[in-house]
Amino acid sequence: MIPISDQTKNAAVIGDPISHSLSPRLHNYLINKYKVDGLYLAFKVAPENLNLCLKSFAKIGLRGCNVTIPHKEAAFKLCHHLSSTALATKAVNTIIIKEEQLYGDNSDGAGFIENLKENYPQFNLTAKKVVVIGAGGASRAICFALIGQKIQSLTIVNRSLQRSQILVEDFQKISGLENFQINICDWPNYQSTLDDCDLLINTTSLGMKNMPEMTIDISNLKKSALVADIIYKPLITDLLKIAKQNGHPILTGIGMLIHQALIGFEAWFETKPQVDQKLINLLLDD
Ligand code: ATR
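This is a predicted model, so every value here is computed, not measured.

A. Local environment of the pairing of strand β7 (residues 129-133). For β7, a buried count of 4 out of 5 residues is recorded, marking the element as mostly surrounded by other parts of the structure. Pairing of β7 with strand β8 (residues 153-158) involves 5 bridges; the strand directions are parallel. Bridging across to β8, Val130 finds its partner in Leu154. Handedness of the β7-helix α6 (residues 137-148)-β8 crossover: right-handed. Sheet topology note: the β7/strand β10 (residues 199-202) ladder contains 4 bridges and is parallel. Looking at β10, one finds that Ile133 is bridged to Asn202.

As structure tokens, this is what we get:
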């Protein structure tokens, strides 16, 4: 039996579909591990019910929720307050509720940085030349976080050039980012970006289970360049497999998944958890 009290802290994940979400597994593992007086549930919420759902969460005192596909952009529009990273991303994956107000955040960028720092504490992002493949929501969150880490340069390679251009235009409008120059590169010309790259990040779905393979050839990348993928299924994507064979340090996506979740966990349950191998295994288990 799960003990509850009048002080039980409740949080949830909402999406449609929802059965694929790993968030309940992750949060409930940590609730048990740290003996938190908390509950984490999952709700399948149809798009037309999102507004009512969030209003109801606020009314009944949920601490907050995670937001997954297809609600991240719609939730962004429904929050009363938005973090700077949510504004840059135009999507919300974490909501904190306080006094019936919805505070929207996007924890993907911070999750990426935390994962990088945990696995490569010596890899100082300052003055690094970074190439990001992709210009979708995850890319936006990661690019925003990278700029915040004072990287030297950022180049975005995306199939749709227009989407990269929109990202750059949006970022130029964000206070504090006006002077940071983001380079964009046409997908067919990606090779030219790899020569002096220190960190290559795949934020696209290429290489994910049941998706087309990543076709980018990284043989020109210097050996010290770190190659990161945000995909965690499979844990070692073909991009990472080749990078490892070529002698590059690699970073898988599982740590980003965990760290982006810990941001919500800490806010809702007022406990700072540590990543452990049991949690990683639990999430990688099919
Ligand atoms: P997320 O929120 O996970 O970032 P998204 O916003 O849908 O998802 O972005 C998906 C990214 O994967 C985009 O950069 C997309 O490229 P386009 O902007 O050109 O669509 C990229 N992507 C998806 N399928 C791709 C493919 N077959 N080839 C190249 N890029 C692909």
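B. Inspection of the site of the ligand at higher detail. Around the ligand sit 13 residues, and of these Ala138, Asn158, Arg159, Ser160 and Arg163 come closest. Between an oxygen atom of the ligand and a main-chain N or O atom of Ala138, the distance comes to 2.9 Å. Here an oxygen atom of the ligand and a side-chain polar atom of Asn158 are 2.7 Å apart. Coverage of the ligand by the protein chains reaches 70% of its 640 Å² of free accessible surface. Across the shell around the ligand, the residue classes tally to 4 nonpolar, 7 polar and 2 charged.

C. Representation of helix α9 (residues 238-245). For α9, the complete set of buried residues consists of Leu239, Leu240 and Ala243. Burial along α9 is one-sided: seen end-on, the buried residues are contained in an arc of 90°. One or two positions beyond α9, positive phi appears at Gly247, with a value near 90°.

D. Summary view of the pattern of salt bridges. All told, the structure shown has 11 salt bridges when counted by the stated rule. As a salt-bridge pair, Asp238 and Lys241 come within 3.4 Å of each other at their nearest N and O atoms. Of the two residues, Asp238 and Lys241 both sit in helix α9, 3 residues apart, roughly one turn of that helix. Salt bridges here are not isolated pairs; linked through shared partners, they connect Lys90, Arg140, Asp170 and Lys173.

E. Summary view of the nonpolar core. Ranked by internal contacts, the top residues of the largest apolar core, which has 33 residues, are Phe112, Leu146, Leu154, Phe171, Ile182, Leu199 and Ile201. Mapped onto this core, the elements with two or more residues apiece are α5 (108-119), β7, α6, β8, α7 (161-172), β10 and β11 (226-229). With 7 residues, the single largest contributor to this core is α6. Other than its neighbours up to four places away in sequence, Ile201 contacts Phe112, Val130, Val131, Val132, Ile133, Ile142, Leu146, Ala228 and Ile230. By size, the runner-up hydrophobic cluster in this structure holds 22 residues, among which are Tyr40, Ile96, Leu279 and Ile280.

F. Region of the structure containing the pairing of strand β9 (residues 182-186). Here β8 runs beside β9; their pairing, made up of 5 bridges, is parallel. Paired with Asn158 across the strands is Asp186, a residue of β9.

G. Molecular detail of the sheet that holds strand β2 (residues 38-44). The mixed open sheet is built from 6 strands, whose spatial order is β2-β1-β3-β5-β6-β4. Strands at the two margins of the open sheet, each flanked by one partner only, are β2 and β4 (81-82). Summarising the sheet, strand β1 (residues 9-15) and strand β3 (residues 64-67) pair through 4 bridges and their orientation is parallel. When the bridges of β3 are listed, Ile14 appears paired with Val67.

Thresholds, definitions, all that
Residues numbered from 1 in each chain as written. Predicted model: local features only at pLDDT ≥ 70, side-chain atom pairs only at ≥ 80, totals over all residues. Heavy atoms only, no water. Buried < 20%, exposed > 50% of the residue type's maximum accessible area, 1.4 Å probe, protein only. Helix = DSSP H or I, 4+ residues; strand = E, 2+ residues; numbered from the N terminus. Pairing = 2+ DSSP bridges. Right-handed = clockwise from strand over helix to strand, strands pointing away. Near = heavy atom within 4 Å. Polar contact = N/O pair within 3.5 Å; in protein donor to acceptor, adjacent residues only side chain to side chain. Areas by Shrake-Rupley, 256 points an atom, 1.4 Å probe, with all protein chains shown as cover. Nonpolar A, V, L, I, M, F, W, Y, C, P; charged D, E, K, R; others polar. Arc of directions from axis to C-beta. Salt bridge = Lys/Arg side-chain N within 4 Å of Asp/Glu carboxyl O. Core = buried A, V, L, I, M, F, W, Y, C linked by side-chain atoms within 4.5 Å. Contact = heavy atoms within 4.5 Å.

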